[in-house]
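Understanding the architecture of this molecule
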Amino acid sequence: MTAFRNLASVLLLIIVSGCAESFYEVPLETPLQPKLDVTRFQRILIAGFVTGGTDEIDTNLETARLLRSQLRTSSKLEVIDAEVIELRDIAEQQADFVAPRPSSDSPPEEVAAEDEGDEATESEDTMLSEKDLEAYEHIFSDASYWRQLGEEFQGSLILTGTIHFSPHNVASMVNREREVYDSFGRRRVVPLRAYQDRTGYVLSPRFIFIDGSTGATLYTERHREEILYDRQQNPPALSSYFELMDRLMPSFLATLSTESIRSTRILLR
């Protein structure tokens, strides 16, 4: 039986080798349609974002810079070089703005700290939560503001939105390996599951695309990414931010660019 199997394997190998020249590869390219039709736009303005969370980095400026760089290489739209707008300040100056209030579940000492001096108040104000950002969303429905801004740039497509980037701590089960030795000194590795405190960051951007000629919102897209590290790790906030943005970038670019998926097919002659 063993000899028969070996003979069958040899015959199969000869058949496959003899037919190898009967196969050939055909390259394929499948275009992907963008989520947003931008054919009538020639330029895009990344205006700026309302940001919240940690003030370790300037997420407004860093996000604008990163998206401009990515769109220059992945989109046919001309990316406009312009000063990034401090959109949070613009929203606060509007008549219908209502400042966010501390949430009811905030520790009493945090709420009381608002009355302890200008420095403490300023520190609290910079740490907007995701819920706090809702108080600024009226700026995105102000068609007259965006239309006026669009007139300065020939009715370009405008990209804006909100960015929340904040530290994140969680205790979760993690898999570990532990070395154990029996009575004869023989080593083996056994799996171990245990709770461990982990720390990292959460990035929650909301991208809003606005028609600069009318001020109307064309499309909105939300993302949420998080990254966790062991306690002994202490990566800088900026590197974590870029790592999280790198994860969501393909989905963001697919909103605008007409990319293609390249593959090959094996065909028989």
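Provided above is the structure to which this section pertains.
Because the structure is predicted, anything quoted here is derived from the model rather than measured. (Residues numbered from 1 in each chain as written. Predicted model: local features only at pLDDT ≥ 70, side-chain atom pairs only at ≥ 80, totals over all residues. Heavy atoms only, no water.)

Moving on, we get to the nonpolar core. Ranked by internal contacts, the top residues of the largest apolar core, which has 33 residues, are Leu67, Leu159, Phe207 and Phe252. Residue assignment for this core shows that the elements contributing at least two residues are strand S2 (43-53), helix H2 (59-74), strand S4 (157-181), strand S5 (187-211), strand S7 (225-230) and helix H7 (237-253). At eight residues, H7 tops the list of elements feeding residues into this core. Those residues in contact with leucine 67, other than ones at most four positions away along the chain, are Ile46, Phe49, Leu159, Phe207, Met245, Met249 and Phe252. Residues Val50, Ala82, Tyr136 and Trp146 belong to the second largest nonpolar core, which totals 21 residues. (Core = buried A, V, L, I, M, F, W, Y, C linked by side-chain atoms within 4.5 Å. Buried < 20%, exposed > 50% of the residue type's maximum accessible area, 1.4 Å probe, protein only. Helix = DSSP H or I, 4+ residues; strand = E, 2+ residues; numbered from the N terminus. Contact = heavy atoms within 4.5 Å.)

With that out of the way, let us pick up the packing of aromatic side chains. Taken as a whole, this structure holds eight aromatic pairs when the rule is applied. Ring centres of phenylalanine 207 and phenylalanine 252 lie 4.9 Å apart, and the angle between their planes is 55°; on these two criteria the pair is classed as tilted. Here the residue phenylalanine 207 occupies a position in strand S5, and phenylalanine 252 occupies one in helix H7, the gap between them amounting to 45 residues. Neither phenylalanine 207 nor phenylalanine 252 differs from the other in exposure class; each is buried. Through pairs of rings, three or more aromatic residues link up here, namely Phe49, Phe207, Phe209, Tyr219 and Phe252. (Phe/Tyr/Trp six-rings, centres within 6.5 Å; stacked < 30°, edge-to-face > 60°.)

Relative to each other, H2 and H7 sit at 40°, their axes nearing to 11 Å. Our classification of the angle between H2 and H7 gives oblique. As H2 packs across H7, the resulting crossing turns out to be right-handed. For the pair H2 and H7, the contacting residues are Thr59, Glu62, Thr63, Leu66, Leu67, Gln70, Leu71 and Ser74 in the first and Leu238, Tyr241, Phe242, Met245, Met249, Phe252 and Leu253 in the second. (Axes fitted to C-alpha atoms, helices over the stretch in contact; angles between N-to-C directions. Parallel < 35°, antiparallel > 145°, perpendicular 65-115°, else oblique. Left-handed = near helix turned anticlockwise from the far one by under 90°.)

Before going further, it helps to examine H7. Between the first and last C-alpha of H7 there are 24 Å, a value that for 17 residues agrees with the 24 Å anticipated at 1.5 Å per step. At arginine 247, H7 shows its largest bend, some 40°, and a proline, proline 250, comes one to four positions later. Of all the positions in H7, only Ala237, Ser240, Tyr241, Leu244, Met245, Leu248, Met249, Phe252 and Leu253 are classed as buried. (Expected span 1.5 Å × (residues − 1). Bend = angle between axes of the 7 residues up to and from the residue.)

With that out of the way, let us pick up the side chain of threonine 160. The topology assignment puts threonine 160 in strand S4. For threonine 160, a relative accessible area of 0% gives the class buried. A polar side-chain atom of threonine 160 sits 2.8 Å from the main-chain carbonyl oxygen of glycine 48. Setting aside anything within four residues of it in sequence, one finds threonine 160 in contact with Gly48, Phe49, Leu87, Phe140, Trp146, Arg206, Phe207, Ile208 and Ile210. (Polar contact = N/O pair within 3.5 Å; in protein donor to acceptor, adjacent residues only side chain to side chain.)

Here we come to the environment of valine 170. Positionally, valine 170 belongs in strand S4. Overall, valine 170 belongs to the partly exposed group, its relative accessible area being 29%. Sequence spacing of valine 170 and glycine 200 is 30 residues, and the spatial spacing of their C-alpha atoms is 8.7 Å.

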